[in-house]
Amino acid sequence: MSAKLAFIDPQSNHAFLKVDNTTNVPFNDKRNSVKITTTDAYNIGSVWVADVFHVPFGCAVWPAMWSWAPSVGAAWPAGGEIDTFEAVNQVQFSQMGLHTLQGCTQTNPQESSTVVNTTDCHGDMGQGCIVTNAGLPSYGPSFAAAGGGVFITEFASSAISVWFFPRANVPSSVSSNATSIDTSSLGVPVGNWPASGCPGGFDNFFLPQSLVFHIVLCGTFGDGTYNQTCTPGDCYLNNVIGNGSNFADAFFEIGSIRVFSQNTTGLSLSSTSSSGSSSPTSTGANAQGSSSSGSSSSAVQNLGYGTKWSVVFAVALSIVGCFSL
């Protein structure tokens with residue numbers, strides 16, 4: 001892309017996604033940003049691990065790492081949405097949660113978060129069932145100063161769970177070349193949504209999920225919370241127009257994204273496998289070679305969260321395109 005808003009850094013081999021911070025945008029025009037999504041979708045029985053070194057932050061910035069079912073289109077939140085990371089403007093901490101059609105609630109979670117924003121996964125205006133990733137450097141300058149961290153999302157039949165580990169606390173079992181992950185060894189997740197809160201289980205509310213990174217400027221969330229942490233005024237007028245230098249920190253730096261499955265049914269599209277072994281597609285966000293296949297395991301622990309996952313799929317990301325905000 002000519003504006004170089006999405007690229008692989010050849011020295012670090014990290015993926016960068018950023019807001020245009022060099023164009024002088026006049027009034028009534030929009031500023032370019034990036035949205036990126038996986039070409040495949042991942043079913044119940046999957047875990048995705050994102051190693052992230054920097055997340056976008058600042059006034060007017062609304063970054064998110066999430067998943068949804070693109071086939072539903074305007075029928076959202078049909079098909080469900082899982083928010084692994086979401087933040088806005090200059091709040092101190094990020095948040096995580098689910099969005100579903102009416103019927104799901106967060107019920108009897110086993111989680112470390114002590115800040116539960118909402119428990120109705122549909123709710124008024126679709127705000128979802130949200131918990132705050134408080135007490136950890138999960139957003140903003142503190143996230144960057146800590147060297148980022150690793151987000152782990154488990155999409156299991158018994159529960160959806162999200163862990164976050166700042167760089168200094170990433171478990172040794174979560175390494176860049178690991179071919180398996182045992183979520184029962186990770187401790188209590190930050191956020192946990194048992195399937196018992198969704199009548200009939202997740203199959204009634206979630207379709208296979210495509211993973212998404214985006215950086216929105218202002219938007220409904222950014223506008224609605226702007227005056228809480230930024231100089232009171234208009235989000236667009238105060239930030240989007242002008243030379244863009246205020247968006248110097250509005251970028252993702254991603255080391256890798258890996259998806260694991262308990263069995264080969266975790267991947268819903270375009271990758272093939274047989275006899276419990278995977279044939280991964282191209283590598284994740286941080287490289288362009290090949291990745292090793294693993295073999296499935298029958299060591300499953302039904303703890304509401306925590307399962308041995310051992311078929312690894314690398315994630316092939318495709319740029320949806322620059323879009324203006």
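Report follows, based on the coordinates. The structure presented is a predicted model; accordingly, all values stated were derived computationally and were not measured.

1. Topic: the overall build of the chain
Link 1 in the chain: Check the secondary structure of the chain and you find 3 helices and 19 strands.
Link 2 in the chain: Here the chain holds 325 residues, and the buried ones make up 53% of them.
Link 3 in the chain: Considering only contacts within the chain whose residues lie at least 6 apart along the sequence, 73% involve residues at least 24 apart.
Link 4 in the chain: For the chain, the exposed area adds up to about 13,200 Å²; of that, 51% sits on carbon and sulfur atoms.

2. Thoughts on the pattern of salt bridges
Link 1 in the chain: Enumeration over the complete set of coordinates arrives at 1 salt bridge.
Link 2 in the chain: For arginine 167, the salt bridge goes to aspartate 51, with nearest N and O atoms at 2.8 Å. Taken together, the residues arginine 167 in the loop between β10 (159-166) and β11 (181-182) and aspartate 51 in strand β4 (residues 46-54) connect sequence positions 116 residues apart.
Link 3 in the chain: Here aspartate 51 falls in the buried class, since its relative accessible area comes to 16%.

3. Brief notes about the pairing of β10
Link 1 in the chain: In terms of burial, β10 is a largely internal element, 8 of the 8 residues being buried.
Link 2 in the chain: Burial of β10 is two-sided: the residues Ala159, Ser161, Trp163 and Phe165 facing one way and the residues Ile160, Val162, Phe164 and Pro166 facing the other way are all buried.
Link 3 in the chain: Relative to β10, strand β9 (residues 149-155) is paired through 7 bridges, and the arrangement is antiparallel. Bridge pairing in β10 places isoleucine 152 opposite tryptophan 163.
Link 4 in the chain: Hairpin geometry of β9 and β10 is characterised by an intervening segment of 3 residues between the two adjacent antiparallel strands.
Link 5 in the chain: Pairing geometry for β10 and strand β12 (residues 191-194), over 4 bridges, is antiparallel. Looking at the pairing, valine 162 lines up with glycine 191 of β12.

4. Digging into the environment of proline 171
Link 1 in the chain: In this fold, proline 171 is placed in the loop between β10 and β11.
Link 2 in the chain: Taking the C-alpha atoms as reference, proline 171 lies 9.5 Å from valine 150; in sequence the two are 21 residues apart.
Link 3 in the chain: Among all residues touching proline 171, those that are not within four sequence positions of it are Phe165 and Leu186.

5. With respect to the state of the cysteines
In protein chemistry, a disulfide is the covalent bond that joins the sulfur atoms of two cysteines.
Link 1 in the chain: Tallied over the full model, the rule gives 4 disulfides.
Link 2 in the chain: Linked covalently through their sulfurs, cysteine 59 and cysteine 230 form a disulfide whose S-S length is 2.1 Å. Handedness here is read from the sign of the S-S torsion; for cysteine 59 and cysteine 230, about -110°, the answer is left-handed. Taken as a pair, cysteine 59 in the loop between β4 and β5 (61-68) and cysteine 230 in the loop between α2 (219-229) and α3 (235-240) lie far apart in primary sequence, 171 residues in all. The two residues cysteine 59 and cysteine 230 agree in class, both being buried.

6. Re the packing of aromatic side chains
Link 1 in the chain: Throughout the structure, instances matching the rule amount to 15 aromatic pairs.
Link 2 in the chain: Here tryptophan 48 and phenylalanine 155 contribute two aromatic rings whose centre-to-centre distance is 6.1 Å and whose plane-to-plane angle is 65°, an arrangement assigned as edge-to-face. Of the two residues, tryptophan 48 sits in strand β4 while phenylalanine 155 sits in strand β9, which places them 107 residues apart along the sequence. Phenylalanine 155 carries the same exposure label as tryptophan 48, and that label is buried.

7. Here we look at the environment of glycine 126
Link 1 in the chain: Mapped onto the elements, glycine 126 comes out in the loop between β7 (95-99) and β8 (129-132).
Link 2 in the chain: Assessed through its relative accessible area of 14%, glycine 126 is described here as buried.
Link 3 in the chain: With 25 residues separating them in the primary sequence, glycine 126 and leucine 101 have C-alpha atoms 8.5 Å apart.
Link 4 in the chain: Apart from the residues lying within four places of it in its own chain, the contact partners of glycine 126 are Trp76 and His99.

About the thresholds
Residues numbered from 1 in each chain as written. Predicted model: local features only at pLDDT ≥ 70, side-chain atom pairs only at ≥ 80, totals over all residues. Heavy atoms only, no water. Helix = DSSP H or I, 4+ residues; strand = E, 2+ residues; numbered from the N terminus. Buried < 20%, exposed > 50% of the residue type's maximum accessible area, 1.4 Å probe, protein only. Contact = heavy atoms within 4.5 Å. Areas by Shrake-Rupley, 256 points an atom, 1.4 Å probe, with all protein chains shown as cover. Salt bridge = Lys/Arg side-chain N within 4 Å of Asp/Glu carboxyl O. Pairing = 2+ DSSP bridges. Disulfide = S-S within 2.5 Å. Phe/Tyr/Trp six-rings, centres within 6.5 Å; stacked < 30°, edge-to-face > 60°.

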